[in-house]
Amino acid sequence: MATSGTIDFSKTRPVVGLVGNPNSGKSSLFNLLTGLRQRIGNFPGVTVEKKSGTLQIEDLPPVEIIDFPGAYSCYPTSLDERLVVQELTNPKGDLFPDAILYVADVTKLDKHLLLFTQLRDLDLPMILVLNMADLIKEEGLQVDVTALSHRLGVPVVAVSARANTGIAELKKAIGGLLRDPQAFRPEEPFYEPGVLARDVLADLRQELPARNDYHALLLAHHASWLKHVPEETRHRVQKARVKNGFHSLRAQVEETMERYDTFEPIVHDTVRRAGAKASFSDRVDDVLTHRVFGPVIFVVIMLLLFQALFAWTGWPMDGIEWVFETLGNTVREKLSPGWLTDLLVDGVIAGLGGVLVFVPQIAALFLFITILEEVGYMARAAYLFDSLMQRFGLNGRSVVALISGHACAIPAIMSTRTIANWKERLLTIMVTPLTSCSARIPVYVILISFAVPEGSFLGFGYQGLAFAGLYFLGILSAMLSALIFKLVLKSQERSFLMLEMPDYRTPVWRNVGITVWQKVKTFIMEAGKIILLISVVLWGLSTYGPPAAMEEARAQVQKTVEEQGLDEQAAEDLMASEQLEASYAGHIGKFIEPAIRPLGYDWKIGIALFSSFAAREVFVGTMAIIYSIGSTEDELRIRDRMADEINPDTGQPVYNRATAWSLLVFYVFAMMCMATLAVTKRETGGWKWPIIQFTFMTTLAYVSAMIVYQVLS
Amino acid sequence: MPFPRSTAASHFVAGMSGTIERFTNENLACKLLDIGVRPGSRLRLVRKGPFGGSWYVKIDQQCLALRKQELACILIK
Ligand SMILES: Nc1nc2c(ncn2[C@@H]2O[C@H](COP(=O)(O)OP(=O)(O)OP(=O)(O)O)[C@@H](O)[C@H]2O)c(=O)[nH]1
Ligand SMILES: [Mg+2]
């Protein structure tokens with residue numbers, strides 16, 4: 001820390017924070033500096049994704065690098081930005097950086113230095129990183145780095161996170177600053193608190209635990225929500241503000257204007273730009289944000305995206321399926337028969353295969369979304385649909401969440417932090433899980449073959465159309481639910497769009513690769529854990545049961561076999577199915593059967609449904625377990641086993657059209673993901689909204705599925 | 001010569017431009033100032049968004065999406 005002289009390296013590793021305006025390239029630089037040595041966690045108390053990684057500089061101990069969310073100034077308007085201010089005004093916090101890499105887009109220096117001057121006035125050791133140096137020549141800029149460093153009083157390094165230039169120099173600068181944090185202490189602040197703030201500061205300066213005047217001023221502005229400010233201090237600040245008639249917004253305007261006046265001449269003297277030309281982005285936007293073509297192109301892009309998704313992921317999925325089938329068969333051959341082998345093959349391997357087979361689709365979906373984001377298209381999509389979204393009580397930015405929701409609701413819900421209006425944000429969080437996330441794909445794939453015949457119409461396969469229909473149903477229900485919530489909830493808070501549209505850029509492929517890899521890894525770990533656990537528990541529940549009931553079932557089967565003279569195979573099948581019925585899982589299934597009978601489900605589906613409430617992708621694994629128990633000899637595909645399933649009462653197949661559609665609709669609407677509920681709870685700060693979310697989605701699922709079944713059967 | 005009166009940017013039509021004089025809403029002023037929009041910046045309405053209500057605006061070199069209510073708080077001279 002700046003005030004403590006040198007850094008005490010023995011205590012903890014030094015922390016270096018990447019801070020800067022949104023889209024200045026912090027994450028790109030972070031990826032370049034840390035490669036895959038990153039950890040993703042959460043900032044304490046809130047679910048803003050915290051990315052940290054380690055960097056080795058010369059002989060220094062490893063440095064921890066933290067990628068902070070983008071912020072425009074020390075006066076935050078969204079939760080993401082609040083976090084930056086919160087951590088940088090808390091010298092006692094764990095994340096308080098020993099040095100800051102202030103990342104600025106060199107082509108927008110006239111805007112990006114606002115936050116720089118504010119942080120500088122907090123007396124934080126900083127390096128100014130001029131990112132996007134590759135654009136300097138392209139845009140005809142001339143930048144005098146030495147003069148800039150002299151005028152701002154900090155080391156300045158020009159780098160390009162895209163072209164990987166200037167990194168060695170940057171590392172040297174970091175090393176230098178960490179060794180001697182006192183070297184670049186500011187001599188005088190960029191801004192002296194003006195008339196509007198002077199009185200309140202005079203009152204509070206001694207009482208606040210502040211490093212300097214500007215720190216005190218920020219505490220006076222933000223005491224009400226800063227977590228590290230104790231309640232008592234908060235009251236005192238409030239009193240002083242009222243007494244001196246402190247007007248936070250006016251003081252902020254005054255400060256900001258003055259800061260621009262201070263740093264503008266510096267930029268003017270050190271950065272020279274050639275005449276402005278109509279840029280490439282402008283010409284592209286003439287088409288992509290056109291009143292009519294814009295939305296049309298958006299829809300076409302989405303259609304192509306999903307078309308490509310299913311066209312390209314077929315063969316890797318078949319490959320993975322084949323690997324797990326072979327693995328299961330091999331294990332069964334190699335090991336002696338017994339409960340352990342059954343557990344391994346029917347529980348673990350079948351369960352894991354059920355998750356991993358969908359990795360290609362999830363990876364592809366994240367790949368497309370990340371590219372759209374990197375290119376700069378997402379901001380345009382938000383602009384195009386803002387007016388439409390507003391009618392449904394949402395914000396243009398909700399589009400990003402609703403698209404990402406098709407990959408996974410968790411990062412989608414987290415992306416709503418950029419929506420400043422609480423009601424719009426809440427609505428987006430509530431309805432995003434209705435979009436068909438990739439975990440639903442396996443369920444759809446299996447059930448659609450029972451619901452829709454093969455064949456095609458005008459070149460479109462029926463099953464493909466049904467698939468598209470389910471996605472559409474998800475989006476439609478999300479919008480309509482938002483509308484209902486909008487009418488029910490009242491809010492006076494003003495809502496803003498005010499969205500910056502970045503220039504179009506070719507993606508930095510390193511960023512794309514790392515992002516996709518991390519999302520897929522998280523999916524495998526999170527879903528894999530749950531599914532493995534459930535597979536094992538389910539296997540146990542379906543193998544064991546109340547001893548009396550199991551014994552009775554066994555005796556019953558024996559009797560039947562003797563009476564009817566069944567062969568060995570048939571006897572085994574009968575035994576297995578009777579035992580499943582007598583097992584604990586069977587009891588659970590039977591217990592909920594009356595409730596799901598109107599939806600067209602039997603107690604076996606009940607077991608799958610029950611286990612799906614932890615994570616919906618478990619459905620397939622559960623089916624594998626339930627049906628492979630019926631016959632352990634031949635490893636038929638789950639789908640074939642399901643097709644063979646006959647309802648003993650009616651003699652008809654269990655998976656007829658009505659039941660399959662009813663199940664599909666149920667899985668479109670039902671809230672079956674513990675992880676999403678947990679994120680909703682954290683994001684909304686309590687149990688109220690996740691409970692409402694769970695109830696409304698599940699009720700919707702139940703009622704719709706019942707209607708579908710009753711109409712179709 | 002008529003006295004130059006300032007107009008809210010929401011009264012403009014696509015293609016019109018002018019210089020920002022001041023903001024009439026403090027909340028919005030703070031947000032705009034943060035992203036670098038200031039009195040003295042040149043504002044041009046590039047095009048109206050689909051479904052009405054939002055505008056594609058160019059301020060100095062920067063492209064922004066603003067709602068009509070937001071434009072109403074920006075006075076142009
Ligand atoms: N030309 C060029 N583009 C870059 C460079 N570094 C990053 N970009 C692009 O700038 C955009 C923003 O990069 P990010 O790293 O996501 O920016 P960020 O600062 O993390 O943004 P937020 O997390 O939203 O605050 C991406 O589209 C990158 O491809 C660079 O050195 N040169
Ligand atoms: Mg980032």
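What you see is a predicted model; the values in this text were computed from it and never measured. (Residues numbered from 1 in each chain as written. Chains lettered and ligands numbered in written order. Predicted model: local features only at pLDDT ≥ 70, side-chain atom pairs only at ≥ 80, totals over all residues. Heavy atoms only, no water.)

### Concerning the overall build of chain B
Counting its regular elements, chain B contains 2 helices and 6 strands. Seen in sequence order, chain B has helices and strands lined up from the N terminus as β-β-α-β-β-β-α-β. Taken over the C-alpha atoms alone, chain B extends approximately 40 × 25 × 20 Å along its principal axes. Within the span of chain B, comprising 77 residues, buried residues form 57% of the whole. (Helix = DSSP H or I, 4+ residues; strand = E, 2+ residues; numbered from the N terminus. Buried < 20%, exposed > 50% of the residue type's maximum accessible area, 1.4 Å probe, protein only.)

### What to know about the packing of aromatic side chains
Residue and element names in this part refer to chain A. The tally for this structure, following the rule as stated, stands at 18 aromatic pairs over all chains. Between tyrosine 260 and phenylalanine 263 the ring centres are 5.3 Å apart and the planes differ by 45°, which places this aromatic pair in the tilted class. Taken together, the residues span about one helical turn, with tyrosine 260 and phenylalanine 263 both in helix H10 (residues 248-270) at a distance of 3 residues. This pair shows no difference in class: tyrosine 260 is buried, exactly as phenylalanine 263 is. The structure contains a cluster of three or more aromatic residues connected by ring pairs, namely Phe306, Tyr444, Phe467 and Tyr471. Residue placement shows arginine 259 over the ring face of tyrosine 214; its charged tip is 4.6 Å from the ring centre. It is arginine 380 that lies over the ring of tyrosine 504; its NZ or CZ is 4.0 Å from the centre. (Phe/Tyr/Trp six-rings, centres within 6.5 Å; stacked < 30°, edge-to-face > 60°. Lys NZ or Arg CZ within 6 Å of the ring centre and 35° of its normal.)

### Observations concerning the domain arrangement of chain A
Residue and element names in this part refer to chain A. The assigned domain composition of chain A is domain 1 (2-179), domain 2 (195-272), domain 3 (293-488) and domain 4 (511-712). In this assembly, 10 residues from domain 1 lie in contact with 6 residues from domain 4. Interface area, domain 1 with domain 4, both sides summed: about 750 Å², of which 43% is carbon and sulfur. Connecting domain 1 to domain 4 are 0 salt bridges. Elements represented by at least two residues in the side of domain 1 that touches domain 4 include exactly helix H1 (26-34) and strand E2 (38-42). (Domains from an automatic or database assignment. Contact = heavy atoms within 4.5 Å. Buried area = accessible area lost by both parts, 1.4 Å probe. Salt bridge = Lys/Arg side-chain N within 4 Å of Asp/Glu carboxyl O.)

### So, the site of ligand 1
All names here are of chain A. Residues in close proximity to ligand 1 total 19 residues, the closest being Lys26, Ser27, Ser28, Asp134 and Ala161. At a separation of 3.3 Å, an oxygen atom of ligand 1 approaches a polar backbone atom of serine 24. Asparagine 131 is positioned such that a nitrogen or oxygen atom in its side chain is 3.1 Å from an oxygen atom of ligand 1. Protein contacts shield 86% of the accessible area of ligand 1, which totals 650 Å² for the unbound molecule. (Near = heavy atom within 4 Å. Polar contact = N/O pair within 3.5 Å; in protein donor to acceptor, adjacent residues only side chain to side chain. Areas by Shrake-Rupley, 256 points an atom, 1.4 Å probe, with all protein chains shown as cover.)

### Points about the interface of chain A and chain B
Counting residues at the interface gives 43 residues for chain A and 36 residues for chain B. For the chain A face of the interface with chain B, the top three residues by lost area are Arg291(A), Tyr383(A) and Met498(A), together amounting to 19%. The interface formed by chain A and chain B contains 6 salt bridges. Put simply, Arg38(B) and Glu264(A) hold a salt bridge, and the shortest N to O gap is 2.7 Å. The tally of links from chain A across to chain B stands at 24 residue pairs in polar contact (both at pLDDT 80 or more). At the level of secondary structure, the elements contributing two or more residues to the side of chain A that touches chain B comprise helix H3 (109-121), H10, helix H11 (280-288), helix H16 (377-391) and strand E12 (499-500) of chain A. No other element matches H16(A), which puts 9 residues into the side of chain A that touches chain B. The residue makeup of the side of chain A that touches chain B, split by class, is 19 nonpolar, 11 polar and 13 charged. In the sheet, E12(A) pairs with strand E5 (residues 62-67) of chain B via 2 bridges, with the strands oriented antiparallel. Of the residues in E5(B), the one forming a bridge with Leu499(A) is Ala65(B). (Nonpolar A, V, L, I, M, F, W, Y, C, P; charged D, E, K, R; others polar. Pairing = 2+ DSSP bridges.)

### Side note on the nonpolar core
Taken as a class, soluble globular proteins show a tendency for nonpolar side chains to be buried jointly. Residue and element names in this part refer to chain A. In terms of nonpolar packing, the biggest core is built from 109 residues, with Tyr601, Phe619, Tyr655, Leu663 and Phe666 touching the most fellow members. It is H16 that provides the largest number of residues to this core, a total of 9 residues. Here this core spans two domains, and each of domain 3 (293-488) and domain 4 (511-712) adds at least three residues to it. In this structure phenylalanine 619 touches Val443, Leu447, Ala608, Ser612, Leu663 and Tyr667, once residues within four positions along its chain are discounted. Val84, Tyr214, Leu226 and Ile266 belong to the second-largest nonpolar core, a separate cluster that totals 63 residues. (Core = buried A, V, L, I, M, F, W, Y, C linked by side-chain atoms within 4.5 Å.)

### Remarks on a nonpolar patch on the surface
Residues and elements named next belong to chain A. Nonpolar side chains collect at one region of the surface, where Val287, Val292, Phe293, Val296, Val300 and Leu304 lie side by side and expose about 540 Å² of accessible area between them. With 4 residues, helix H12 (residues 293-312) is the single largest residue contributor to the nonpolar patch. For valine 296, the location among the structural elements is in helix H12. On the basis of relative accessible area, valine 296 is assigned to the partly exposed category, the value being 46%. (Patch = residues over 30% accessible without salt bridge, like charges linked within 9 Å, V, L, I, M, F, W, Y side chains within 5 Å.)

### Side note on H12(A)
Along its 20 residues, H12(A) runs 27 Å from first to last C-alpha, staying within 8% of the 28 Å computed at 1.5 Å per residue. Lining the buried residues of H12(A) we find H11, helix H15 (359-375), H16, helix H17 (398-404) and helix H21 (462-488) of chain A. (Expected span 1.5 Å × (residues − 1).)

### Focus on the pairing of strand E5 (residues 99-105) of chain A
The two faces of the sheet receive side chains in turn, since in a regular strand these alternate between them. Residues and elements named next belong to chain A. Counting buried positions along E5 gives 7 out of 7 residues, so the element sits mostly inside the fold. Side chains of E5 alternate between two faces, with Ala99, Leu101, Val103 and Asp105 and Ile100, Tyr102 and Ala104 buried alike. Bridge count between strand E1 (residues 15-20) and E5: 5 bridges; the pairing is parallel. Counted as the bridge partner of valine 19 is tyrosine 102 from E5. The pairing of E5 with strand E6 (residues 126-131) spans 6 bridges and is classified as parallel. Bridged to aspartate 105 within E6 is asparagine 131. Between the parallel elements E5 and E6, the chain passes through H3 in a crossover that is right-handed. (Right-handed = clockwise from strand over helix to strand, strands pointing away.)

### Things to note about the UniProt feature "domain: Ferrous iron transporter FeoA-like" (unreviewed entry) in chain B
As recorded in UniProt, the sites labelled "domain: Ferrous iron transporter FeoA-like" (unreviewed entry) are residues 7-77 of chain B. Segment residues 7-77 of chain B splits into 18% helix and 44% strand. End C-alpha atoms: 7 Å apart. (UniProt positions renumbered as here; feature names shortened; annotations may be inferred.)

### Remarks on the pairing of E6(A)
Residues and elements named next belong to chain A. In terms of residue burial, E6 counts as a mostly covered element, since 6 of its 6 residues are buried. Judged by which residues are buried, E6 turns out to be covered on both faces: Met126, Leu128 and Leu130 on one side and Ile127, Val129 and Asn131 on the other are all buried. Direction of pairing for E6 relative to strand E8 (residues 156-158): parallel, over a ladder of 3 bridges. Paired with leucine 130 across the bridge in E8 is alanine 158.

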